[in-house]
Amino acid sequence: MTIPGLLSVRFASDPAQPLVTFYDDDTGERVELSVTSFGNWVAKTGNLLRDGLGAEPGARLALALPTHWLGPVWLCAAWACGLEVVLNPVGRRPRRLAYAVSGPEALDQLAELASEQAVAVSLRPLGGRFTEPLPTGVLDYAVEVPAYGDSFGDPAAEPSSPALLAGDLACDQAGLVEKALATAGDLGLEPGSRLLTDHNPASTDGLFLAWLAPLVAGASVVLVRNPDPVRLASRSRQERVSVTALSG
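On a predicted model such as this, the values are computed, not experimentally measured, just so you know. (Residues numbered from 1 in each chain as written. Predicted model: local features only at pLDDT ≥ 70, side-chain atom pairs only at ≥ 80, totals over all residues. Heavy atoms only, no water.)

**Some words on the nonpolar core**
Consideration 1: Counting 69 residues, the largest nonpolar core has Phe-38, Leu-63, Trp-74, Trp-211 and Leu-212 as the members making the most contacts within it.
Consideration 2: Among the elements that take part in this core, helix H7 (residues 207-217) stands out by supplying 10 residues, more than any other.
Consideration 3: If near-sequence neighbours (up to four positions away) are discounted, Trp-74 is found in contact with Thr-45, Leu-48, Leu-49, Leu-61, Leu-63, Leu-65, Val-101, Val-119, Val-121 and Tyr-141. (Core = buried A, V, L, I, M, F, W, Y, C linked by side-chain atoms within 4.5 Å. Buried < 20%, exposed > 50% of the residue type's maximum accessible area, 1.4 Å probe, protein only. Helix = DSSP H or I, 4+ residues; strand = E, 2+ residues; numbered from the N terminus. Contact = heavy atoms within 4.5 Å.)

Written out as C-alpha cells, the structure is:
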C-alpha cells in the first residue's frame, strides 16, 4: 500500500466526508476540505509538479511549511508524483534536491537549495497570492496552480518508492503506511474519529500524528495554527472532536 493508495481508499469509501479542517486563530481563517475537495487540490498540485515543472519519480522535494492545510496537500501531491520529500531541509543539502516549497518565512533559504525550481506559498486566506515581488525565478503557487486540472491519473508511487527524509528518518511508501498505522493505534483513532491538533503535518514531529495517522485510520483532522486556549473547548464541541493531541 502507498499514501496515494490510501487516499484512493478514502475516495471509494466516503468522498464527501470532511478530511482536513484548518483554523488560524490569529487571522480567524477556517477552511474545510472534504475528501473530494482535498483530492482536487492534490491533483492540481501534482499536475503542477509533473506537467508544469517536469518532476520525475525519484526526485527530491524540500518542504518547509508551518501548520496549514496546504502541508498535507503538498505531501500527497509529491508522493503521487513518486517524489521523495525532505523535511527540515535547512542546514542539510541532500544530493539531487530538485524542488523546494516554502512559506514566506523560509523562502530565501529554500530557494537556494532547489536545483530545478522553488515554489512559494503565501499562506494568505483563500489561497491568496503574494502581495510583494518574489525573488527572481521563484514561482507563486497561487498564481500557477489554478491552471492545472483536478484529475491526476495514475500515481507514480510504488510501495518501495523512497518517500521521506526527515532528520535521521528515511522511509519508503510502505514504511510510511506502517508507521502511520502504529501511530493511529497509539492515538486510538478509528474510522470517523476527529483529531484536533496544533502539530505541524509538514514537520518531522507532526507528520504521522497530524496527518498520516488520521488518513490511514479513516479519520479526519482539525488543524489549528496559533491556537487560542480559550476557544479550544467550544471548538472541540463544534467540530465533534473525539481525540485531542496538542503540543506543550
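Having seen it, we continue.
**Focus: the environment of Arg-240**
Consideration 1: Counting through the fold element by element, Arg-240 comes out in the loop between helix H8 (229-238) and strand E12 (243-245).
Consideration 2: C-alpha separation for the pair Arg-240 and Arg-194, spaced 46 residues apart in sequence, amounts to 6.7 Å.

**Structural notes on the side chain of Arg-60**
Consideration 1: On the secondary structure map, Arg-60 appears in strand E3 (residues 60-64).
Consideration 2: The buried category is assigned to Arg-60, whose relative accessible area is 14%.
Consideration 3: Among the polar contacts made by the side chain of Arg-60, one reaches the side chain of Glu-84 at a distance of 2.8 Å. (Polar contact = N/O pair within 3.5 Å; in protein donor to acceptor, adjacent residues only side chain to side chain.)

**Thoughts on unusual backbone geometry**
Consideration 1: A positive phi angle is found at Leu-126, which is not glycine, with a value near 65°.
Consideration 2: Summarising the element assignment, Leu-126 is placed in the loop between strand E6 (117-120) and strand E7 (138-140).
Consideration 3: Of note in the backbone geometry, Arg-240 takes a positive phi value of approximately 55° without being a glycine.

**Examining the pairing of E3**
Consideration 1: Most of E3 sits inside the fold, with four of its five residues counted as buried.
Consideration 2: Sheet topology note: the E3/strand E4 (residues 84-87) ladder contains four bridges and is parallel. Counted as the bridge partner of Arg-60 is Glu-84 from E4.
Consideration 3: Handedness of the crossover joining E3 and E4 through helix H3 (residues 70-80): right-handed.
Consideration 4: Two strands pair when backbone bridges link them, and E3 and strand E5 (residues 97-102) are joined in this way by five bridges, in the parallel orientation. Of the residues in E5, the one forming a bridge with Leu-61 is Tyr-99. (Pairing = 2+ DSSP bridges. Right-handed = clockwise from strand over helix to strand, strands pointing away.)

**Some details on the packing of helix H2 (residues 35-52) against H3**
Consideration 1: Two numbers describe how H2 lies on H3: the axes approach to 8 Å, and their chain directions differ by 55°. In terms of orientation, H2 lies oblique with respect to H3. The two elements H2 and H3 cross, and the hand of that crossing is right-handed. Counting all contacts with H2, which are made through Phe-38, Trp-41, Val-42, Thr-45, Gly-46, Leu-48 and Leu-49, the residues of H3 involved are Pro-72, Val-73, Trp-74, Cys-76, Ala-77 and Ala-78.
Consideration 2: Split by residue class, the contact of H2 with H3 holds 11 nonpolar, two polar and no charged. (Axes fitted to C-alpha atoms, helices over the stretch in contact; angles between N-to-C directions. Parallel < 35°, antiparallel > 145°, perpendicular 65-115°, else oblique. Left-handed = near helix turned anticlockwise from the far one by under 90°. Nonpolar A, V, L, I, M, F, W, Y, C, P; charged D, E, K, R; others polar.)

**Some remarks on helix H1 (residues 3-13)**
Consideration 1: Those residues of H1 lying buried are Ile-3, Pro-4, Gly-5, Leu-6, Leu-7 and Arg-10.
Consideration 2: Check the buried side of H1 and you find it contacts strand E1 (18-24), H2, H3, helix H6 (173-187) and H7.
Consideration 3: The N-cap of H1, judged by a side-chain oxygen 3.0 Å from the amide nitrogen of Gly-5 a few residues on, is Thr-2.

**Side note on the sheet that holds E4**
Consideration 1: Strand order in the open sheet made by the seven strands is E7-E6-E5-E3-E4-E8-E9, with mixed pairing throughout. Because the sheet does not close on itself, it has two edges, and the strands there are E7 and strand E9 (169-172). Between one strand and the next, the sheet's axes are offset by a mean angle of 20°, whatever the strand orientation.
Consideration 2: Pairing geometry for E6 and E7, over three bridges, is parallel. Note that in E7 the partner of Val-119 across the bridge is Leu-139.

**Some points on the packing of H6 against H7**
Consideration 1: Where H6 contacts H7, the axes come no closer than 8 Å and their chain directions differ by 95°. In terms of orientation, H6 lies roughly perpendicular with respect to H7. Contact residues: H6 offers Leu-176, Val-177, Lys-179, Ala-180, Leu-181, Thr-183, Ala-184 and Leu-187, while H7 offers Phe-208, Leu-209, Leu-212, Ala-213, Val-216 and Ala-217.

**Section: the sheet that holds E1**
Consideration 1: Judged by pairing direction, the sheet is mixed, and its five strands sit side by side in the order E2-E1-E11-E10-E12 without closing on themselves. A single partner strand is all that each edge strand has here, and the edge strands are strand E2 (29-34) and E12. Between one strand and the next, the sheet's axes are offset by a mean angle of 15°, whatever the strand orientation.
Consideration 2: In the sheet, strand E10 (residues 194-197) pairs with E12 via three bridges, with the strands oriented parallel.

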